[in-house]
Amino acid sequence: MNKILVVEDEQSIAEMVKLCLGKNGYICEAVNDGMTATQKIEEKRYDLILLDVMLPDIDGYDLIEYIKQFDTPVIFVTAKASVPDRVKGLKLGAEDYISKPFDLEELLARVATVLRRYHKTQRIIEVGKIRVDTLGHTVSLNGNLIDLPAKEYDLLLFLIRNENIALYRETIFEQVWQEPYYGNTRTIDLHIQRLKKKLDLGDAIETIYKVGYKFRAEKLK
């Protein structure tokens, strides 16, 4: 069962979402401020975080920067519904952005979509002849374990989780390396080349001119 943390300062909304998720088979906890959320995130591993922006101590935009190190997907659920707010949230790394008031059925659908995208419903991810154990952090090709350093593993998982999406180099670098991007494309390109060689990826990682890369599982040999 997937574990979800709700970070919401309005008690009534937090309880409503928690009850809805619980009835639909999720294990759900709710906290009402950012500091308590950081403690929970450090203590437990969650599959998804539903995050409000306007929190009493640490706001959601700051909190998502902290969450990135745990590789946990985030959906913003907030009353800040303007286009600039939505764009800011998505650029900071949120997987989705839901504006209040919202429909619970829509919330459930978006939660399920993000969990599928992140393969959170499965420990083992198989694409072609590649097998990724997300708990053991191991990768095998044709049944043989492949030694991948941490960043190569993180890059592979990020590409798989964003299959068929054209990813900007800036997005790849900031999500995988967790650092600001200053145009250092060589680092990304070298790691892509190593993954291609080690895992016989061939055309499965497609170079998109003036953009970055796209992972296409159907191109795997």
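Up top is the structure.
Residues numbered from 1 in each chain as written. Predicted model: local features only at pLDDT ≥ 70, side-chain atom pairs only at ≥ 80, totals over all residues. Heavy atoms only, no water.

### Some remarks on the pattern of salt bridges
Scanning the entire structure with this criterion turns up 16 salt bridges. A salt bridge links Lys100 to Glu10, with the shortest nitrogen-to-oxygen separation between them at 3.9 Å. Taken together, the residues Lys100 in the loop between β5 (96-99) and α5 (104-117) and Glu10 in the loop between β1 (3-7) and α1 (11-23) connect sequence positions 90 residues apart. Among the ionic pairs, Glu29 bridges to Lys40, the shortest N-O distance being 2.9 Å. Here Lys40 lies in helix α2 (residues 34-43) and Glu29 lies in strand β2 (residues 27-31), a separation of 11 residues in the sequence. It is possible to trace a salt-bridge network through shared partners that takes in Glu8, Glu10, Asp52 and Lys100. (Salt bridge = Lys/Arg side-chain N within 4 Å of Asp/Glu carboxyl O. Helix = DSSP H or I, 4+ residues; strand = E, 2+ residues; numbered from the N terminus.)

### Some thoughts on helix α6 (residues 150-161)
Taking 1.5 Å of rise per residue, 12 residues should cover 16 Å, and α6 covers 16 Å from first to last C-alpha, within 8% of that figure. With 9 of 12 residues buried, α6 lies mostly within the body of the structure. Listed as buried for α6 are Glu152, Tyr153, Leu155, Leu156, Leu157, Phe158, Leu159, Ile160 and Arg161. (Expected span 1.5 Å × (residues − 1). Buried < 20%, exposed > 50% of the residue type's maximum accessible area, 1.4 Å probe, protein only.)

### As for the sheet that holds β1
Strand order in the open sheet formed by 5 strands is β2-β1-β3-β4-β5, with parallel pairing between adjacent strands. Taken across any chain shown, the strands that pair with only one partner, and hence form the sheet edges, are β2 and β5. Within the sheet, the average angular offset between the axes of one strand and its neighbour, ignoring direction, is 20°. Sheet analysis places strand β3 (residues 48-51) next to strand β4 (residues 74-78), joined by 3 bridges and oriented parallel. Across the sheet, Ile49 pairs through a bridge with Val74, a residue of β4. (Pairing = 2+ DSSP bridges. Axes fitted to C-alpha atoms, helices over the stretch in contact; angles between N-to-C directions.)

### Regarding the side chain of Asn2
Residue position: Asn2 is located in the segment before β1. You can call Asn2 buried: its relative accessible area is 11%. In this structure the side chain of Asn2 is engaged in a polar contact, spanning 3.5 Å, whose partner is the side chain of Asp47. (Polar contact = N/O pair within 3.5 Å; in protein donor to acceptor, adjacent residues only side chain to side chain.)

### Some details on the packing of aromatic side chains
Inspection of the entire model under this criterion finds 5 aromatic pairs. A ring pair is formed by Phe173 and Trp177, whose centres lie 5.2 Å apart and whose planes are at 10°; its orientation type is stacked. Considered together, Phe173 and Trp177 belong to a single accessibility category, that of buried residues. Grouped by ring-pair contacts, the aromatic residues Tyr61, Phe76 and Tyr97 constitute a single cluster. (Phe/Tyr/Trp six-rings, centres within 6.5 Å; stacked < 30°, edge-to-face > 60°.)

### A short note on the sheet that holds strand β11 (residues 205-208)
Here we have 3 strands laid out as an open sheet, ordered β10-β12-β11, and antiparallel in their pairing. Of all strands in the sheet, those with a lone pairing partner are β10 (167-168) and β11, marking the two edges. Note: β11 against strand β12 (residues 212-215), 4 bridges, orientation antiparallel. Across the sheet, the residue bridging to Ile205 is Phe215, located in β12.

### Considerations on the environment of Asp147
Assignment of secondary structure puts Asp147 in the loop between β9 (144-146) and α6. On the basis of relative accessible area, Asp147 is assigned to the exposed category, the value being 66%. Spatially, the C-alpha atom of Asp147 lies 8.6 Å from that of Lys198, the residues being 51 residues apart in sequence.

### What to know about the nonpolar core
Ranked by size, the top nonpolar core spans 31 residues in total, and within it Ile130, Val132, Ile172, Leu199, Leu201 and Phe215 carry the most contacts. Broken down by secondary-structure element, the contributors of at least two residues to this core are β6 (124-127), β7 (130-133), β8 (138-141), α6, α7 (169-176), α8 (185-199) and β12. A per-element tally of this core places α6 first, with 7 residues. Beyond its immediate stretch of four places on either side in the chain, Phe215 contacts Val127, Leu159, Ile160, Glu163, Asn164, Leu201, Ala204, Ile205 and Leu220. (Core = buried A, V, L, I, M, F, W, Y, C linked by side-chain atoms within 4.5 Å. Contact = heavy atoms within 4.5 Å.)

### Examining the pairing of β3
Side chains Leu48 and Leu50 of β3 all project onto a buried face; the interleaved residues Ile49 and Leu51 project onto the opposite face, where all are buried too. Across 4 bridges, the pairing between β1 and β3 is parallel. Across the sheet, the residue bridging to Ile4 is Leu48, located in β3.

Don't take any of this as a statement about function, it's just geometry.
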